[in-house]
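# Report on the structure
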Amino acid sequence: MAKVQGELGNDFCTQQLYLYGNYEEDGTPHFGLFSWFGWCWLGEGAGTLGVMACIGEDKLTKDLIRKTGVFSANLVSEPLLPLADYYGCVSGRGNPDKMKRLPTVESGQVLAVPTIAESPVSVELKVIKEERLASGRLESGGQSESTLFLCQVENVMIEEGLQDRSVPFIQRLRQAAPVVASGEERYISLSGQDLGAWGEPMQSLS
């Protein structure tokens, strides 16, 4: 099939969703939903698996990462999507009661970060470098800054069943049921099932 000139964008380059976790000053767990996330290799030797995490706007999550230098990244599965959608659509700055709705929170095994028991994979990350990529003006008149955090992976916690290599990998991947973000502000499953538009899954929360 022939290609045509398209708009600049990544609509068909799906990205997995993660809930970034940190603690607020009073010890309250804080989570935000993000998808600008990629893996990288930091060099030879131990502790060289890295993550590139980009946050495109000024958010409480970004403030906390800058303050503590650590955070968790919890893979969003289909059962976790309604809560993840809520965290992605509701601002932590404008809604002080946002974190009254929490998953099952567990302490990180290596770093002082909150992780999510319902997530099939939780990664504990230490920031080793911060790059401020671009600044822009929001419709509200404020400033928005895109920031890239280069991180070292300090620990990974994974559901025990996903480690069973006697089970084919594709079957274990379906079991993990990760959710990805696609174009036109929609969530989709690994199999391509439409899981709703941004703001829709959270409506199922009681």
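In this report, we go over the structure that sits alongside the text. Small disclaimer: the values here were computed from a predicted structure and weren't measured.

On to the pattern of salt bridges. For the structure shown, the criterion picks out 11 salt bridges. Between Asp97 and Lys100 there is a salt bridge, and its shortest N-O distance comes to 3.7 Å. Accessibility expressed as a relative area gives 48% for Asp97, which makes it partly exposed. Within the structure, one salt-bridge network assembled from shared partners comprises Arg66, Glu130, Arg132 and Glu145.

On to the nonpolar core, then. Core analysis: the biggest nonpolar cluster contains 19 residues, and Tyr20, Phe37, Val51, Phe71, Ala73 and Leu125 have the highest contact counts within it. The residues contacting Phe37, other than those within four sequence positions of it, are Gln15, Tyr18, Tyr20, Val51, Met52, Ala73 and Leu125.

Working definition: an aromatic ring pair is given by the centre-to-centre distance plus the angle between the planes. Overall, the coordinates contain 7 aromatic pairs when judged by the stated rule. Measuring from ring centre to ring centre gives 6.4 Å for Tyr20 and Phe37, while their planes differ by 50°; the resulting arrangement is tilted. Within this pair, whereas Tyr20 is found in strand β2 (residues 18-23), its partner Phe37 is found in strand β4 (residues 37-41), the two being separated by 17 residues in sequence. According to the relative accessible area criterion, Tyr20 is buried, its value standing at 1%. Judged by centre distance (5.0 Å) and plane angle (55°), the rings of Tyr20 and Phe71 are tilted.

Here the focus is the environment of Gly21. Positionally, Gly21 belongs in strand β2. With a relative accessible area of 1%, Gly21 lands in the buried category. In this structure the C-alpha to C-alpha distance between Gly21 and Leu33, which are 12 residues apart in sequence, comes to 9.2 Å. In this structure Gly21 touches His30, Phe31, Phe71, Ser72, Asn74, Val113 and Pro114, once residues within four positions along its chain are discounted.

Conventions we followed
Residues numbered from 1 in each chain as written. Predicted model: local features only at pLDDT ≥ 70, side-chain atom pairs only at ≥ 80, totals over all residues. Heavy atoms only, no water. Salt bridge = Lys/Arg side-chain N within 4 Å of Asp/Glu carboxyl O. Buried < 20%, exposed > 50% of the residue type's maximum accessible area, 1.4 Å probe, protein only. Core = buried A, V, L, I, M, F, W, Y, C linked by side-chain atoms within 4.5 Å. Contact = heavy atoms within 4.5 Å. Phe/Tyr/Trp six-rings, centres within 6.5 Å; stacked < 30°, edge-to-face > 60°. Helix = DSSP H or I, 4+ residues; strand = E, 2+ residues; numbered from the N terminus.

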